[in-house]
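Structural characterization, general
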Amino acid sequence: MYCCDSFLLRSFAYFTIKDRLPQILTRVIDTLHRHKNEFFEEHGEKGIEAEKNTISILSKLRNELQTDKPLVSLDDKLPDVPLWNQYLEYQQNLLDGNEQPSWFQSPWLYVECYMYRRIHEALVHNPPIDDYDVFKEAKVQVFFESQQAIIALCTYLQELLKNIEDLDEKQLQEEFFKLLQVSLWGNKCDLSISAGEDNSQKASPLKLLDNLKTFILVDDMESIWSLLINSKKRRTSKEVTRVDIVLDNAGYELITDLVLADFLLSSKLVTEIHFHGKCIPWYVSDTTKQDFNWTIKQLQSANNRWMSRCGMNWEGSIKKGVLVYHDHMFWTLPHEFCSMAQVATDLYTELQKSHLIIFKGDLNYRKLTGDRKWEFTVPFHQALNKFHPAPLCSLRTLKSDVQVGLKPGQVEQFVTSEPDWMICGKYGVVQFDASL
Ligand SMILES: O=P(O)(O)OC[C@H]1O[C@](O)(CO)[C@@H](O)[C@@H]1O
Ligand SMILES: [Mn+2]
């Protein structure tokens, strides 16, 4: 765990809290303000009143943050409140009770999660706009800005599916590697790193793969392939092979995850895919159930035939129960994943049913590794700190300063020439841990 002293060294954390989080809050306030008329049309004066109250709570929140006020307990009726408040107490105890945890004097991971939860609390306190997603507009916008890349991907998938039955093992492996990498680089497109500004995918994703290969710092694709192909070969007709994907961002990244899922099902490498999304709006662009359903509907009704075919197929897989969407409040707590077995035993037990869990994105990587300042060469297995519900892998582009499992000397080449290599999203990992 790092705190006060090391905080100053972690300048990206400092920059995030000082600049990026207030910017995100300002955007949220602006979004509410711009939707005033909509609230009035839907709910009359009550809608306007709720909008005003929410804005005033959020302005106060921004002030608390900027003036490094103590973190306060949550006060709404959602089921995660006791866990959040216990976590605050735990942080207080770490400070020996002499000081109150505050915005700049607490672990970055905690404070950042806490801000998103406080934004949600502000809305929860203000029906009738309590289920309004303040990030929806930004998510919808990047979806449309990534149209060309989405069409390219849907077209590629539909062509591939035409003769998927005829592919030999080597060809199947090649296609798997391609779509795994597409899903990895899809993680460049998050909106929290750019404080909500456009970060969509514009170029054709498949053409870029060869050039991007050198930026994969850990490449465990072969091990993941072995696991999947062996389980396909061993499986009897009644058995299930289940892959879980812990989703990250909506928009283009979600499409890359759906395409990967469809390929895994259609090639019969797996028989079930389970997606895990967020219960509340989170880190600007993370996928909620509403985003998931909206995305499938958008595809179904798209003018492009390949897009609409993908949408239809995915809807069909959901109906058949081979594509399942779950959410759980644990994903929007500040806890690292090694505490899942105690804090969210039901979720841990669910994940134990999986043959492979794919964790998408940077925030999931931080929670997998406890967001500690590990030596780069520490094994991934060690950093997971006994979190092993099933074989797992991380598909993550680097957007924060934690990285494990590198070879000695591997990064020395960039450290001086590219001081921001860990936070710019240019590098990625496909990192696997099989041991239970
Ligand atoms: O969508 P992702 O890949 O989890 O990224 C979330 C971003 O938010 C951060 O937590 C910082 O705000 C980074 O770790 C990352 O830039
Ligand atoms: Mn995200």
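Here the structure is a predicted model, which is why all the values come from computation and not from measurement.

**Remarks on the overall build of the protein chain**
- Looking only at helices and strands, one finds 19 helices and seven strands in the protein chain.
- On C-alpha atoms alone, the protein chain measures out to a radius of gyration of 22 Å, which is about the 22 Å that the 2.2 N^0.38 rule sets for 436 residues.
- Seen along its three principal axes, the alpha-carbon backbone of the protein chain occupies a region of about 65 × 55 × 45 Å.
- Residue burial in the protein chain is summarised as follows: out of 436 residues, 57% are buried.
- Averaged over its 48 positive side-chain charges, the protein chain has a centre that lies 4 Å from the centre of its 60 negative ones.

**Some details on the packing of aromatic side chains**
- Using the criterion set out here, one finds 34 aromatic pairs in the structure.
- When the ring of Phe215 is compared with that of Tyr427, the centres are 5.5 Å apart and the planes differ by 80°; the resulting orientation is edge-to-face. Residue Phe215 is located in the loop between helix H10 (209-212) and strand E1 (216-219), and its partner Tyr427 is located in the loop between helix H19 (412-415) and strand E7 (428-433); the two are separated by 212 residues in the primary sequence.
- What makes Tyr427 buried here is its relative accessible area of 2%.
- Here the aromatic residues Trp84, Tyr87, Tyr90, Trp103, Tyr110 and Tyr114 are joined through ring pairs into a cluster of three or more.
- The aromatic ring of Trp306 is capped on one face by Arg305, whose charged end is 4.4 Å from the ring centroid.
- In this arrangement the basic side chain of Arg366 is found over the ring face of Trp108, its NZ or CZ atom lying 3.5 Å from the centre.

**What to know about the packing of helix H5 (residues 81-94) against helix H6 (residues 108-124)**
- Close contact between H5 and H6 brings their axes to 13 Å; oriented N to C, the two are set at 145°. For the pair H5 and H6, the crossing hand works out as left-handed. Every residue of H6 that contacts H5 at Val81, Trp84, Tyr87, Leu88 and Gln91 is listed here: Tyr110, Cys113, Tyr114 and Arg117.
- Taken together, the residues of the contact of H5 with H6 break down into seven nonpolar, one polar and one charged.

**Remarks on the environment of Phe387**
- Within the secondary structure, Phe387 sits in the loop between helix H18 (380-383) and strand E6 (392-397).
- Since its relative accessible area comes to 1%, Phe387 is described here as buried.
- With 88 residues separating them in the primary sequence, Phe387 and Leu299 have C-alpha atoms 36 Å apart.

**Describing the state of the cysteines**
- Inspection of the entire model under this criterion finds zero disulfides.
- Cys113 provides the cysteine sulfur closest to Cys279, a residue in no disulfide bond, and the two sulfurs are 14 Å apart.
- Note on Cys279: relative accessible area 37%, which makes it partly exposed.
- Free cysteine: Cys338, not disulfide-bonded; nearest cysteine sulfur from Cys113 at 14 Å.

**Points about the pattern of salt bridges**
- With the rule as written, the count across this model stands at 27 salt bridges.
- When the shortest N-O distance is used, the salt bridge between Lys18 and Asp19 registers 3.1 Å.
- Since its relative accessible area comes to 39%, Lys18 is described here as partly exposed.
- Residue classification places Asp19 among the partly exposed positions, given a relative accessible area of 25%.
- One network of salt bridges, with partners in common, ties together Lys60, Glu64, Arg118 and Glu121.

**A closer look at the sheet that holds strand E5 (residues 356-360)**
- Taken in spatial order, the seven strands make up an open sheet running E1-E7-E6-E5-E2-E3-E4, and their pairing is mixed. Looking at strand neighbours, the two that pair on one side only are E1 and strand E4 (323-327), the edges of this open sheet. For this sheet the average axis-to-axis angle between neighbouring strands, irrespective of direction, equals 15°.
- Of the pairings in the sheet, the one linking E5 to E6 comprises four bridges and is parallel in character. In the strand pairing of E6, Ile357 is matched with Leu392.

**Things to note about a negative patch on the surface**
- The grouping of Glu38, Glu41, Glu42, Asp130 and Asp131 at the surface amounts to a negative patch.
- Among the secondary structure elements, Asp130 is positioned in the loop between H6 and helix H7 (136-145).

**Examining the domain arrangement of the protein chain**
- Considered domain by domain, the protein chain is made up of domain 1 (8-125) and domain 2 (136-433).
- One C-alpha centre belongs to domain 1, the other to domain 2; they are set 28 Å apart.
- Across the interface of domain 1 and domain 2, roughly 2300 Å² is buried in total on both sides, 64% from carbon and sulfur atoms.
- The interface formed by domain 1 and domain 2 contains two salt bridges.
- Residue Arg366 pairs with Glu112 through a salt bridge whose shortest N-O separation is 3.1 Å.
- Our count for the domain 1 to domain 2 interface comes out at four residue pairs in polar contact (both at pLDDT 80 or more).
- Among the elements that make up the side of domain 1 that touches domain 2, the one with the highest residue count is H6 (eight residues).
- Within the side of domain 1 that touches domain 2, the residues separate by chemical class into eleven nonpolar, four polar and seven charged.

**Points about the site of ligand 1**
- Taken together, 16 residues sit near ligand 1, with Arg20, Glu112, Asp362, Arg366 and Lys399 positioned nearest.
- A distance of 2.8 Å separates an oxygen atom of ligand 1 from a polar side-chain atom of Lys399.
- Against a free-state accessible area of 390 Å², the protein chains account for coverage of 100% of ligand 1.
- A breakdown of the residues in the shell around ligand 1 according to their chemical character gives four nonpolar, five polar and seven charged.

**Quick word on the nonpolar core**
- Counting 77 residues, the largest nonpolar core has Leu32, Ile119 and Met340 as its most contacted members.
- Per element, the largest residue contribution to this core is eleven residues, and it comes from H6.
- When we break this core down by domain, the ones giving at least three residues each are domain 1 (8-125) and domain 2 (136-433).
- Dropping the residues within four chain positions of it, Met340 is found in contact with Phe330, Trp331, Thr345, Leu347, Tyr348, Leu351 and Phe387.
- Membership of the second largest hydrophobic core comes to 61 residues, among which are Leu161, Phe177, Tyr252 and Phe263.

Reading the values: the criteria
- Residues numbered from 1 in each chain as written.
- Chains lettered and ligands numbered in written order.
- Predicted model: local features only at pLDDT ≥ 70, side-chain atom pairs only at ≥ 80, totals over all residues.
- Heavy atoms only, no water.
- Helix = DSSP H or I, 4+ residues; strand = E, 2+ residues; numbered from the N terminus.
- Rg over C-alpha atoms; globule rule 2.2 N^0.38 Å.
- Buried < 20%, exposed > 50% of the residue type's maximum accessible area, 1.4 Å probe, protein only.
- Lys, Arg positive; Asp, Glu negative; His and termini not counted.
- Charge placed at Lys NZ, Arg CZ, Asp CG, Glu CD.
- Phe/Tyr/Trp six-rings, centres within 6.5 Å; stacked < 30°, edge-to-face > 60°.
- Lys NZ or Arg CZ within 6 Å of the ring centre and 35° of its normal.
- Axes fitted to C-alpha atoms, helices over the stretch in contact; angles between N-to-C directions.
- Left-handed = near helix turned anticlockwise from the far one by under 90°.
- Contact = heavy atoms within 4.5 Å.
- Nonpolar A, V, L, I, M, F, W, Y, C, P; charged D, E, K, R; others polar.
- Disulfide = S-S within 2.5 Å.
- Salt bridge = Lys/Arg side-chain N within 4 Å of Asp/Glu carboxyl O.
- Pairing = 2+ DSSP bridges.
- Patch = residues over 30% accessible without salt bridge, like charges linked within 9 Å, V, L, I, M, F, W, Y side chains within 5 Å.
- Areas by Shrake-Rupley, 256 points an atom, 1.4 Å probe, with all protein chains shown as cover.
- Domains from an automatic or database assignment.
- Buried area = accessible area lost by both parts, 1.4 Å probe.
- Polar contact = N/O pair within 3.5 Å; in protein donor to acceptor, adjacent residues only side chain to side chain.
- Near = heavy atom within 4 Å.
- Core = buried A, V, L, I, M, F, W, Y, C linked by side-chain atoms within 4.5 Å.

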